[in-house]
Amino acid sequence: MTRVLLCLAVLLALPRESDAGNSGESARIRAHLNAALHHLHGRDLVTLSPPQRAARARSIATLERYIADGLFPRRAGDAFGPLRPRFIDDRGVHCAVGHLVAASGAPELARAINAEYEYAFVRDMRSPALVAWAHDHGFTVDELAIIQPSYSAPPTGEGMKIQIEHAKDDWILACTGEDPPPARIQLRLTGDSDGNVVAKAKTDGGFERCFADHVSGLERGRGAYSPSPTRFTRGLTIELPSPQRLLERWIAERTGYGPDCTPRPGAVPKRATIDVVTASDGVEVQVKTQPHNADVAACIKDYLAPKLIRFRRHIKFHQEIALTTRVNSKSVEATLRAWAPGYATDCYTAEAPAKIKVRATAKRDDKQYAITVEGANETFATCLTTKLQPTLRTKLSVPREREGKVDYYFRIDSDVDATHTFPLETPSARETRLDKARKDMARRRRELEEELKRRQYEM
């Protein structure tokens, strides 16, 4: 059975702290964490209480900042084999889960876990406090484990090829000069018994030297390898997509072109035409919408332009795209799913049905939603509707900058028909559930405090 890792750990011991952001390992970890974020955002939160949902949202925002910062733990001379996490490294850098725990206001818990489980696999940990933290913050232990990447063995020719393929797109953009890059590059890799790998390009051009330097930076040795690295020599031919192709792929992967570009006043655009011209002195982006909406076009341009700086040479791009509205049946249903259960408990009456079916409908440019609660009496339905109406408005409004100030704009910019059905939790059942969670947490904290005292005594 594959053993699940709790934390991300960089398998190579990086010579300098600044090297972390440039290594293929860091790029791989960042890509994996972004995939983990996508998984976390897709979870159904109906079973979570409002405090759990709020804590989970804060932790996910923390994880997004952690990924952007790009500073991850390193392995440095430990005796373990390659498949090992590290909770907090010798510089004090936390793994992703360790960072979430510490940033949530529990740095002492992160340090306590590290003291006993620095290199442990999650299934080997026996930490009630960590399980309690996960519960209180709306996570399962399996979700924490999802952030773990697959780890590579000591450097080999085949392993280097995989790393190069993973990182080459960024290097193409970084190394492209006044002339376009070649369609392929031939490299000769030489690995030594310390884990260092040096790459040399067959052709001695500026792009080729730059690309080979990036490859040589992937494996710098000093890693905690098991088994030890062996010497190797390997020739590789790497196919290189053009910067034009990279931009086309990047644009195709974007969805919505800025999550806050709709709604806006005026016509509701269905499509947009994007033209991009890049050169050494900058990037020019032109956006036209159909039907015309200057506000939406400007928003899309402001969203794209800063992100296209790295595509700065030899590119002309034209594409017509479909635009999606922010306020639609799917987004309204997600808002109902997140907020209606808690509000229903707040509105509880003895006559309320055991199962609630709430429906929100609207036509484009209606001022508000028509909300119905199936089978409920008027008192309960009015209470739930009164709570949901402003929440739907607030959660689906978008920020706009006007004369140096940010305001929020709301518009139902498409027809909506959204339904969510859920069991009604009574106030007493909710209090019992929350009380049990509080008691469990208090008990686990006591166990943690006793464990910390025991360790201090033994030391």
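Position numbers for residues start from 1 in each chain and track the written sequence from start to end. Only residues with pLDDT of 70 or above have their local features reported here, since the model is predicted, and side-chain atom pairs are shown and tallied only from 80 upward, although totals for entire chains, interfaces and linings are computed over all residues. Remark: hydrogens and water are excluded; side-chain values derive from all non-hydrogen atoms of the structure.

(A) Local environment of the overall build of the protein. Each helix is a run of H or I in the DSSP string that is no shorter than four residues. Each strand is a run of E no shorter than two, and both are numbered from the N terminus. Regarding its fold elements, the protein presents 13 helices and eleven strands. For the protein, buried positions account for 46% of its 459 residues. Any two residues whose heavy atoms approach within 4.5 Å at even a single point are treated as in contact. Residue pairs in contact within the protein that sit at least 24 positions apart in sequence constitute 75% of those at least 6 positions apart. Per-residue and other accessible areas were derived by the Shrake-Rupley procedure at a 1.4 Å probe size, with only the shown protein chains allowed to occlude residues. Surface accessibility of the protein: about 23400 Å² in total, with carbon and sulfur atoms responsible for 52%. We call a residue buried when its accessible area falls under 20% of the maximum for its residue type, exposed when it is over 50%, and partly exposed in between, using a 1.4 Å probe and counting protein chains only.

(B) Seen up close, the pattern of salt bridges. Any carboxyl oxygen of Asp or Glu that lies within 4 Å of a side-chain nitrogen of Lys or Arg is treated as forming a salt bridge with it. By the definition in use, this model includes 21 salt bridges. A salt bridge links R43 to E143; the shortest N-O distance between them is 2.8 Å. A residue pair is termed long-range when its members are at least 10 positions apart, and R43 in the loop between α1 (24-41) and α2 (50-69) and E143 in helix α6 (residues 141-146) qualify at 100 residues. Overall, the relative accessible area of 6% leaves E143 in the buried class. Of the charged contacts in the structure, one is a salt bridge between D417 and R359, with a shortest N-O distance of 2.7 Å. Here D417, found in strand β11 (residues 416-423), pairs with R359, found in strand β7 (residues 355-362); they are 58 residues apart in sequence, far enough to count as distant. Bridged by salt links that share partners, the residues R43, R56 and E143 form one connected network.

(C) Spotlight on empty space enclosed by the protein. Definitions used for this entry: grid spacing 1 Å over protein atoms alone; cavity, a set of points where a 1.4 Å probe fits but cannot get out; pocket, an open set with protein on both sides within 12 Å along at least 5 of 7 lines; lining residue, one with an atom within 4 Å of a point. Grid points are joined across faces, edges and corners, and a volume is the space filled by probe spheres set on the points. According to the stated counting rule, one finds four cavities of 30 Å³ or more in the structure shown. By volume, the largest cavity is sized at about 60 Å³. Classification used: nonpolar for Ala, Val, Leu, Ile, Met, Phe, Trp, Tyr, Cys and Pro, charged for Asp, Glu, Lys and Arg, polar for all others including Gly. Grouping the constituent residues of the lining of the largest cavity by class yields five nonpolar, four polar and three charged.

(D) Summary view of the packing of helix α7 (residues 157-175) against helix α8 (residues 206-216). Two elements in contact, α7 and α8, have axes separated by 9 Å at closest approach and are oriented at 135°. Put simply, α7 runs oblique to α8. As α7 packs across α8, the resulting crossing turns out to be right-handed. Counted together, M160, I164, K168, W171, I172, A174 and C175 of α7 and F207, C210, F211, H214 and V215 of α8 form the full contact between these two elements. Among the residues making up the contact of α7 with α8, the classes are represented as ten nonpolar, one polar and one charged. To define axes, lines are fitted to C-alpha atoms, for helices over the stretch in contact only, and angles between the resulting N-to-C directions are given on a 0 to 180 degree scale. Just so you know how the angles are binned, under 35 degrees is roughly parallel, over 145 roughly antiparallel, 65 to 115 roughly perpendicular, and the rest oblique. For any helix crossing, the convention is left-handed if the near helix is rotated counterclockwise from the far helix by under a right angle, and right-handed if that rotation is clockwise.

(E) Looking closely at the pairing of strand β2 (residues 197-201). Where burial is concerned, the two faces of β2 differ: the one with V197, A199 and A201 is buried and the one with V198 and K200 is not. Whether two strands pair depends on DSSP finding at least two bridges between them. When strand β1 (residues 184-191) meets β2, the two strands line up antiparallel, connected through five bridges. What sits directly across from L189, in β2, is A199. Connecting β1 to the next strand, β2, in antiparallel fashion are five residues, including G195 with a positive phi near 95°.

(F) Broad picture of the sheet that holds β2. With antiparallel pairing, three strands are arranged side by side in an open sheet as β2-β1-β3. Each end of this open sheet is capped by a strand with a single partner; those strands are β2 and β3 (232-239). Here the strands of the sheet are splayed against their neighbours by 25° on average, with no regard to which way each runs. Here α8 sits on the sheet in contact with β1 and β2, set at roughly 165° to β2.

(G) Up close: the sheet that holds β11. The strand order β8-β7-β11 describes an open sheet built from three strands, whose pairing is antiparallel. Of all the strands in the sheet, the pair left with one neighbour each is β8 (370-374) and β11. Taken over all neighbouring pairs, the strand axes of this sheet differ in orientation by 15° on average, direction set aside. Seen against the sheet, helix α11 (residues 329-346) touches β7 and β11 and runs at an angle of roughly 30° to β11. In this fold helix α12 (residues 378-395) packs onto β7 and β8, with an angle of close to 140° to the strand it touches most, β8.

(H) Inspection of α2 at higher detail. Taking 1.5 Å of rise per residue, the 20 residues of α2 would be expected to cover 28 Å, and the 29 Å separating its terminal C-alpha atoms lies within 8% of that figure. Buried residues of α2: Q52, R53, A55, R56, S59, I60, T62, L63, Y66 and I67, and no others. Phi turns positive, to about 75°, at G70, one or two residues after α2. Every helix has an expected span of 1.5 Å times one less than the residues it contains.

(I) Region of the structure containing the nonpolar core. Side-chain atoms within 4.5 Å link the members of a nonpolar core, which is a set of buried Ala, Val, Leu, Ile, Met, Phe, Trp, Tyr and Cys residues. Grouped together as the largest cluster of nonpolar side chains are 43 residues, with contacts concentrated most on I164, L187, L189, F211, V215 and L247. Non-local contacts of L187, meaning those with residues more than four positions away in its chain, are made with I164, K200, A201, F211, A212, V215, R234, G235, L236 and I238. Judged by nonpolar contacts, the second largest core, of 31 residues, contains I67, L100, A102 and Y117.

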